[in-house]
Amino acid sequence: MNVKNAMEILVDEALRNYWGQLQLPCKCEICKADVFAITLNNLPPRYVSNEDGYAYVKAQNFDDQSRVNILNQIVKATGIVATRPSHDLKPSSSQE
Ligand SMILES: [Zn+2]
C-alpha cells in the first residue's frame, strides 16, 4: 500500500516558501525539522492513496481556508521553536 499524508507535502511546500521570512534565532536543519513536525502535529492529516487524491487536496487547499491555517500553524510552531530550541544555541550565532 502506498498512502501519503498530503498535508505533509503541503506543509513542506509552505515551509519552503516562507522559511526565509520566519523569525527564528537559529535556522538550521534541526530547527526546520522541529517547526515541520510541530506544524504537522497541529494540523489534521489528509491521507491520499494516489496522485488524484493529492491533486484534489491541493486544489482544495488553494480554494479554502486551509492555506491560511497551514501558515498560521507554521508561525505558531516557529514561536515554539524560537522560545525553546531543541539544541543549544551558540552565543556567536544569536545575532543576525
Ligand atoms: Zn537550530
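Everything numeric in this text was worked out from a predicted model, so none of it was measured.

A.B. asks: Would you take a moment to explain the side chain of Thr39 for this structure?
C.D. replies: Relative to the helices and strands, Thr39 resides in helix H2 (residues 29-41). The residues touching Thr39, leaving out its near neighbours within four places in the chain, are Val11, Ile70, Gln73, Ile74 and Ala77.

A.B. asks: Before we go on, may I ask you to explain the packing of aromatic side chains in this structure?
C.D. replies: Two aromatic rings are characterised by how far apart their centres lie and by the angle between their planes. Following the criterion strictly, the structure yields zero aromatic pairs and no others. One Lys or Arg, Lys27, reaches over the ring of Trp19 and ends 5.5 Å from the middle of that ring.

A.B. asks: When you look at the coordination of the zinc ion in this model, what are you seeing that I'm missing?
C.D. replies: Each pair of donors in an ideal four-coordinate tetrahedral metal site encloses 109.5 degrees, whereas pairs in an ideal six-coordinate octahedral site enclose 90 or 180 degrees. Protein-derived ligands of the zinc ion are Cys26 (SG), Cys28 (SG), Cys31 (SG) and His87 (NE2), with the metal-ligand distances lying across 2.1 to 2.3 Å. Coordination at the zinc ion is tetrahedral: its four donor atoms span angles of 97 to 119° at the metal. Taken in sequence order, the residues that donate to the zinc ion follow the motif C-x1-C-x2-C-x55-H. Accessibility expressed as a relative area gives 25% for Cys28, which makes it partly exposed. Residue class for Cys31 comes out buried when judged on its relative accessible area of 2%.

A.B. asks: How do you make sense of the packing of H2 against helix H4 (residues 66-83) when you look at a structure like this?
C.D. replies: Packed helices, taken two at a time, are described by the angle between their axes plus the distance between the axes. Running from N to C, H2 and H4 point in directions that differ by 130°, and their axes come no closer than 8 Å. Here H4 runs oblique to H2, going by the angle between their axes. As for how H2 packs across H4, the hand of that crossing is right-handed. Each of Cys31, Asp34, Val35, Ile38 and Thr39 in H2 lies in contact with H4, whose residues at this interface are Ile70, Gln73, Ile74, Ala77, Thr78, Ile80 and Val81.

The rules behind these values
- Residues take numbers from 1 onward in each chain, read along the sequence in its written order.
- Side-chain atom pairs in this predicted model are given and counted only at pLDDT of 80 or more, local residue features only at pLDDT of at least 70, and totals for whole chains, interfaces and linings cover all residues.
- Calculated side-chain values reflect all of the structure's heavy atoms, with hydrogen atoms and water omitted.
- What counts as a helix is a DSSP run of H or I of at least four residues, what counts as a strand is a run of E of at least two, and both are numbered from the N terminus.
- Residue contacts are defined here by distance: any two heavy atoms, one from each residue, within 4.5 Å place the two residues in contact.
- For Phe, Tyr and Trp, where Trp contributes only its six-membered ring, two rings pair if their centres lie within 6.5 Å, and the inter-plane angle classes them as stacked under 30 degrees, edge-to-face over 60, or tilted in between.
- By definition, being over a ring means that NZ of Lys or CZ of Arg is both within 6 Å of the ring centre and within 35 degrees of the ring normal.
- Any N, O or S atom lying within 2.8 Å of the metal counts as a donor, with the limit raised to 3.2 Å for Na, K and Ca; because water is left out of the atom set, some sites can appear incomplete.
- Angular criteria define each label, namely tetrahedral for four donors with all angles between 85 and 135 degrees, square planar for four and octahedral for six donors with opposite donors over 155 degrees apart and remaining angles between 65 and 115, and irregular for whatever fails these tests.
- Relative accessibility under 20% of the residue-type maximum defines a buried residue, over 50% an exposed one, and the middle range a partly exposed one, all with a 1.4 Å probe and only protein chains included.
- Simply put, an axis is a line fit to the C-alpha atoms, just over the touching stretch for a helix, and the angle between two N-to-C directions goes from 0 to 180 degrees.
- Convention used here: angles under 35 degrees read as roughly parallel, angles over 145 as roughly antiparallel, angles from 65 to 115 as roughly perpendicular, and any remaining angle as oblique.
- Whether a crossing is left-handed or right-handed is set by the direction in which the near helix is turned from the far one by less than a right angle, anticlockwise for left-handed and clockwise for right-handed.

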